[in-house]
Structures are given as C-alpha cells and as structure tokens.
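Coordinate analysis (summary)
Spelled out, the chains give:
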Amino acid sequence: MKISLPTTSPLTSKDFVYGVATSSFQIEGAAEKREISIWDTFCDTPGKIVDASNGLVACDHYHLWEQDINLIHDLGVDAYRFSICWPRIINNDKSVNRDGVDFYLKVLDKLNELGIKPFVTLYHWDLPQIHEDHGGWLNRETAYHFRDYVEVVVREFGDRVHSYATLNEPFCSAYLGYEVGIHAPGKADRMLGRKAAHHLLLAHGLAMQVLAKESPLTLNGIVLNFTPCYPLTDSPEDKLATQKADDYINQWYMKPIMDGSYPSLIEELPYEQRPDILDDDLAIINHPIDFLGINFYTRLKYRAKAGHLYEEIPPGDVEKTDIGWEVFPQALTDLLVSLNDTYDLPPLYITENGMAGDDHVESGQVKDQLRINYYQAHLEALNQAIQQGVKVDGYFAWSLMDNFEWAEGYLKRFGLVYVDFETQERTLKDSAHCYKEFITQRV
Ligand code: IFM
C-alpha cells in the first residue's frame, strides 16, 4: 500500500510543508564535545533506561551530518526539524562553544544550500546539568538562563533559520521529569510538576520576547504534545474526570500561552502543588506566537475515581504500536477541531507524528507496512480537520531515523530510516519510499 490522498486535498499541494524531525540528544552523539546534560546523568543512573544505553554516540549524527542531510534531501522534503543542544552551545563557564556553533552553522548552511527549510527547536529536553545542579526547572533562574542562551543562538544563526520553536513538549519535561520521574532529571513528586511547568512556560515567554525583537522574520512559536482524552463511559462523572485530565495534561500548557491563564482546575489543587506565579508571568507567557507546533501520537481514556482528579485507563485489546500506544487517528481530527473551536489559533504545524515498529532489515529491505498504514490514516485524519476549517500549514514525520528513544533506549524504532547502531548504516524503510513518493507527486 502507498500513501495517497485525493488530489483535491490541500495536503497534496506543493504549498503544504512536509518534513522530517529529530532532536539533538537522540541523534547527535559526540558527547565529549559538549557539556553534560541531565539526560547524560539520567542514563548513568542504573535502572532508568530499559536497555541501559545512553546518548554518547546515538546515531553519530555529529560526524555523519552531511550524509544524513543528503538523505533528507533525497526524501524530497521541504523542511527539517531538529533541535539545538544547549550544552553544546554554552559552556559551563558561560562562554560560547565555538565548535558547537560551527557544527550547527554547517548543518544550516547545507540545508539552505539544498533548499530545505530549517525548523529549529531551541530546547528538546537536554538541559545543561549545571542548571539542574541549581534546581533545574524548579528554579526560576533557569528560565532566564534559557533566555540568555536563546540570545546567543539568534545572534549566531541569524537568517539561516526558517522557524524557531522555543520548547518541545514542556509537558514531558515537567510531568515526566519532575512529577512521575520516568524522564530526566527523574524527580517523582506531585508537588513539583506544576512548578517546573510554570518555569518552562516562563522560559518560553522570555524566549519569545527575544525572538520577536532579534529575529522578527523567522516563524517563532512553541511545540506542544497533545494526548486527547476520552471518557470511558458517557456518565457525567467520567466526563468530568476526563475534562480534568485534559486540563491537567494538555490545556495546562496551551491555555496560559493562548489565553494568559491556567485552567480553572488550578483552584482544585492543594496549595503546595500550585506554582509560584509572579505578577507579570502570565502576560510574558501569553506572548503572541507565529505558529503552534502540535505533536500527536495517540489518545487516552479516563474515568472518575473517588479521591482523585481522574483515573487513566490503559488501552485494552486495541491496535497498538510497538511502544504500546493505541492507534486512533480520529483523535487527531477531534483534537484539531476542538482546539480551533476553543482558541484563536495561529497557523498550525503537525511537528511530530509517527509510530514505533518492530522493524528488521531483510535482504536490504525494511517492510514496515504498519507504519505506512499509520501515516496514511493520520494524513487522512489531518485532511478531515482541514476540511472542517482548521488551518494547518505543515506536517513532520517523527522521525527521520531510528534513534535514542529516551527511557526506552534504542529498543523502540520510530524512524523512516532504519539505523544499525553497530555499524551506523542507514537503510530506507518502505515507509520512507512511500513518504517520498507521496511528497514528490504533489502539484
Ligand atoms: O522521541 C520522542 C520525541 O523526542 C518527542 N516526542 C515523542 C517522540 C516519541 O516518543
């Protein structure tokens, strides 16, 4: 099966931006050429990463960048979304790491030479460990350090960049990193998640101020992940619990950025769990954005539970990807339509969408039909949302290539391109060929 959509769909137009996405820690390696990040420390902590691996080499993209960009070019995409590694740019003594800056300059120049739009994420989770040593995202100062780092990036990279996203998925940094502890820095305390989230959002707002002033011609915004919430039953109790779950995991990040306020759920939280919000914070966070990046993978179901805001129900006997996430493309349509109904949205980009598969190379080929089906179904779901009036300007497949999948290590493969982590050989999966064919047939 191929990827195809009716030629009447805006998704088959050359004006719609297609890309592939990666992030620094997941692919770069060359850890000896940068400062330590919280993910290095987390990987060194026994029991945190399923296969006990780390990001020291990863896909060795730091050395293989030119070959990888040629591969991206070969896929026929319009854009490449990647992140800049903060500890590769700023040394612990606050000086600028010229070697790190030069690496990204080479990448940016090559992308521009090939006509591929660089979509740069400024923070995809690799916080310099030195900041974590002073409290990390629990320390308000970290937001100001982030602003300083963004000033350096903008000064160094100038008009080579097409788009800047301040943060990738602050939900994951705050909730997974400080509230449940399955991501770096591994703190598991309900008292901490909302506090970390507030400082991340503040960092976003401060960075937007820098971008609006110093880089007004780039498309500046943020990337949020959404996991749409559905009630287990139609009971009013389950519906209310589901709305609370949505506020807690999704709208907590969206609403302050779009409306300048937290969901009313904040009033229900014990005081110790609420963030310290200073006078101007929400106005800073509410800075206008040029675009919103949406990362979508799956949905979740919820029901009411006495003494709790909600209870999450694990997916039952439904179609799931190799990482255990339900395949439910309708949720992408529902999400986009509901965001469009709720907020005054800027242009949207789907900045991540894809699936983990149990992929193997056999006679030089990776037959990942399930991934092709996944992309087909999600592009159809996206098309549905666009037909219903949602403005979406682009779509990025996650990921360009198999890489370090955080707490899962190298065991979960999300790539269009298969990576042999022993030899660093890259093999285009069938899905890569289909994505390329679909993109290059646009008119
Ligand atoms: O690999 C991650 C990525 O870094 C952030 N979004 C979700 C992906 C799959 O888990």
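Residues numbered from 1 in each chain as written. Predicted model: local features only at pLDDT ≥ 70, side-chain atom pairs only at ≥ 80, totals over all residues. Heavy atoms only, no water.

Before going further, it helps to spend a moment on helix H5 (residues 98-113). The terminal C-alpha atoms of H5, which comprises 16 residues, lie 22 Å apart, in line with the 22 Å expected from a rise of 1.5 Å per residue. Buried within H5 we find Gly100, Val101, Phe103, Tyr104, Leu105, Val107, Leu108, Lys110 and Leu111. Those residues of H5 that are buried lie in contact with helix H1 (24-27), helix H3 (61-74), strand S2 (79-83), helix H4 (86-89), strand S3 (117-121) and helix H7 (141-157). The N-capping residue of H5, defined by a side-chain oxygen 3.1 Å from the backbone nitrogen of aspartate 99, is asparagine 97. Of the residues trailing H5, glycine 115 is marked for its positive phi of about 75°. (Helix = DSSP H or I, 4+ residues; strand = E, 2+ residues; numbered from the N terminus. Expected span 1.5 Å × (residues − 1). Buried < 20%, exposed > 50% of the residue type's maximum accessible area, 1.4 Å probe, protein only. Contact = heavy atoms within 4.5 Å. Polar contact = N/O pair within 3.5 Å; in protein donor to acceptor, adjacent residues only side chain to side chain.)

With that settled, the discussion passes to empty space enclosed by the protein. Under the counting rule described, the total for this entry stands at four cavities of 30 Å³ or more. A volume near 60 Å³ is recorded for the largest cavity. Lining the largest cavity are Ile38, Trp39, Tyr123, Trp125, Trp137, Cys172, Ser173, Tyr178, His183 and Ala184. Sorting the residues of the lining of the largest cavity by element identifies helix H2 (38-43) and helix H8 (170-179) as the ones contributing at least two each. Counting residues per element, the lining of the largest cavity draws most heavily on H8, at three residues. Residue composition of the lining of the largest cavity, by class: eight nonpolar, two polar and no charged. A volume near 50 Å³ is recorded for the second largest cavity. If you go around the second largest cavity, the residues you meet are Thr22, Ser23, Ser24, Ile27, Glu28, His61, Tyr80, Phe82, Ser83, Phe103, Tyr104 and Val107. Grouping the constituent residues of the lining of the second largest cavity by class yields six nonpolar, five polar and one charged. (1 Å grid on protein atoms, 1.4 Å probe; cavity = no way out; pocket = protein on both sides within 12 Å on 5 of 7 lines; lining within 4 Å. Points joined across faces, edges and corners; volume = space filled by probe spheres on them. Nonpolar A, V, L, I, M, F, W, Y, C, P; charged D, E, K, R; others polar.)

Glancing now at the site of the ligand. In the neighbourhood of the ligand, the contacting residues comprise Gln26, His124, Trp125, Asn168, Glu169, Tyr297, Trp325, Glu352, Trp398, Glu405, Trp406 and Phe414. Between the ligand and histidine 124, the relevant distance is 2.8 Å, taken from an oxygen atom to a side-chain nitrogen or oxygen of the residue. Interatomic distance of 2.5 Å between a side-chain N/O atom of glutamate 352 and a nitrogen atom of the ligand. For the ligand, whose unbound accessible area comes to 280 Å², protein coverage reaches 95%. The site holding the ligand turns out to be the largest pocket. Looking at the shell around the ligand residue by residue, the classes come out as six nonpolar, three polar and three charged. (Near = heavy atom within 4 Å. Areas by Shrake-Rupley, 256 points an atom, 1.4 Å probe, with all protein chains shown as cover. Sits in = over half its atoms within 2 Å of the grid points.)

In any sheet, the strands associate via hydrogen bonds between backbone groups, in a parallel or an antiparallel arrangement. Spatially, the eight strands close up into a barrel ordered S1-S2-S3-S4-S5-S7-S10-S11, and their pairing is parallel. Geometrically, the sheet is characterised by an average inter-axis angle of 25° between neighbouring strands, direction not taken into account. By the bridge criterion, three bridges tie strand S10 (residues 348-352) to strand S11 (residues 392-398) in an arrangement that is parallel. Opposite tyrosine 349, over in S11, you have glycine 394 as the bridge partner. Contacts between H5 and the sheet are confined to S2 and S3, with S2 contributing the most and set at about 170° to the helix. (Pairing = 2+ DSSP bridges. Axes fitted to C-alpha atoms, helices over the stretch in contact; angles between N-to-C directions.)

This part takes up the packing of aromatic side chains. Applying the stated rule across the entire model yields 42 aromatic pairs. When the ring of phenylalanine 25 is compared with that of tryptophan 406, the centres are 6.0 Å apart and the planes differ by 15°; the resulting orientation is stacked. Of this pair, phenylalanine 25 sits in helix H1 while tryptophan 406 sits in the loop between S11 and strand S12 (417-420); the two residues are 381 residues apart in sequence, bridging distant segments of the chain. The exposure class assigned to phenylalanine 25 is buried, which follows from its relative accessible area of 3%. Using a relative accessible area of 3% as the deciding quantity, one classes tryptophan 406 as buried. (Phe/Tyr/Trp six-rings, centres within 6.5 Å; stacked < 30°, edge-to-face > 60°.)

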